[in-house]
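Working through the structure, step by step
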Amino acid sequence: MTKKHENNWDNRYDKEQYHYGEEPNYFVKRELPALPKGRGLFLAEGEGRNIVFAAGLGHDVVAVDNSVVGKKKALGLAKQTGVEIEYRIEDLITGKWDSEKWDFVVLCFAHLPPQLMQEVHARVAGCLNPGGRVLLVSFAESQFGRDSGGPPSLDWLHDVGVLREEFVGVKWEKLEECEVELEESVGHIGAAMVIEGVGGI
Ligand SMILES: C[S@@+](CC[C@H](N)C(=O)[O-])C[C@H]1O[C@@H](n2cnc3c(N)ncnc32)[C@H](O)[C@@H]1O
């Protein structure tokens with residue numbers, strides 16, 4: 001079967017419906033309002049549901065993702081919601097997102113092959129302003145085999161102990177695995193094992 005786009009995320013997103021919905025992720029919706037207004041970076045932001053929510057809270061926000069269809073949909077959602085966002089098409093590995101300083105960084109279901117994931121996580125603390133915050137929600141290894149969402153490879157899934165080592169310089173106030181019920185459009189549906197992290201430098 002021929003694919004329209006080279007990037008598989010573009011193929012997934014290339015439809016009217018938002019694959020993970022237009023509403024923010026449950027964890028971002030719960031945790032982000034507690035952060036003081038600031039400049040926020042959303043890594044692997046996809047179709048924009050979280051960054052648009054953050055912009056609505058008054059934050060100055062930038063998304064980084066390498067999906068051009070994701071960007072188009074995120075800008076559409078921002079326009080429809082009446083907020084301003086900036087969305088950079090960049091690869092998380094080769095991108096220069098850590099050459100600037102941020103008040104907070106959000107990673108919502110950002111999953112890469114393990115070596116690359118480690119490199120991205122290791123760069124987060126260094127791009128935070130003093131007192132900067134990190135919010136993370138991702139699928140846990142215990143999600144492997146469930147069909148409620150997440151990458152199908154065990155080594156792309158996350159482990160609390162490994163995350164603690166990878167986020168060099170981040171102090172976690174909370175970093176724990178739990179089971180949640182996801183209702184995120186067609187992308188994430190059902191009971192899922194996730195890791196929720198709230199930390200900072
Ligand atoms: C599971 S989706 C999560 C999207 C969004 N955070 C959300 O929860 O709605 C993963 C995202 O990672 C992005 N992504 C994957 N590999 C990437 C890379 N190497 N560089 C930049 N973005 C990447 C994809 O384009 C996709 O939008």
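The structure under discussion appears in the preceding block.
A short tour of the structure in this document, coming up. Residue indices begin from 1 for each chain and proceed along its sequence in written order. Only residues with pLDDT of at least 70 get local features here, since the model is predicted, and only at 80 or more are side-chain atom pairs given and counted; chain-wide, interface and lining totals rely on the full set of residues.

**Focus on the overall build of the chain**
Convention followed: By the criteria applied, helices consist of DSSP H or I runs no shorter than four residues and strands consist of E runs no shorter than two, each listed in order from the N terminus. Our radius of gyration is a C-alpha quantity, and the globule rule it is checked against amounts to 2.2 Å times the number of residues to the power 0.38. A residue is called partly exposed when the number of other C-beta atoms within 10 Å of its own lies between 12 and 20, exposed at 12 or fewer, and buried at 20 or more, with C-beta atoms placed from the backbone. Any residue pair is listed as a contact if its two C-beta atoms, each placed from the backbone, are within 7 Å.
Tallying secondary structure elements over the chain gives six helices and seven strands in all. Listed by position from the N terminus, the elements making up the chain come as α-α-β-α-β-α-β-β-α-β-α-β-β. Relative to the compact-globule value of 17 Å for 201 residues, the chain shows a C-alpha radius of gyration of 16 Å, a close match. Along the first, second and third principal axes, the C-alpha set of the chain runs to 45 × 40 × 30 Å. Every one of the 201 residues in the chain was classed for burial, and the buried ones make up 41%. Here the contacts in the chain between residues at least 6 apart in sequence split such that 68% fall between residues at least 24 apart.

**Brief notes about the nonpolar core**
For the record, the criterion: Nonpolar cores are built from buried Ala, Val, Leu, Ile, Met, Phe, Trp, Tyr and Cys residues. These are joined into a set through C-beta atoms within 7 Å.
With 45 residues, the main nonpolar core has Leu43, Ile51, Ile85, Val105, Val106 and Leu107 as its most contacted residues. Looking at this core, the elements that each hand over two or more residues are α2 (26-31), β1 (39-43), α3 (49-56), β2 (60-65), α4 (68-81), β4 (102-108), β5 (128-139) and β7 (188-200). Leaving out residues up to four positions away in the same chain, Leu43 has contacts with Val64, Leu92, Val105, Leu107 and Ala110.

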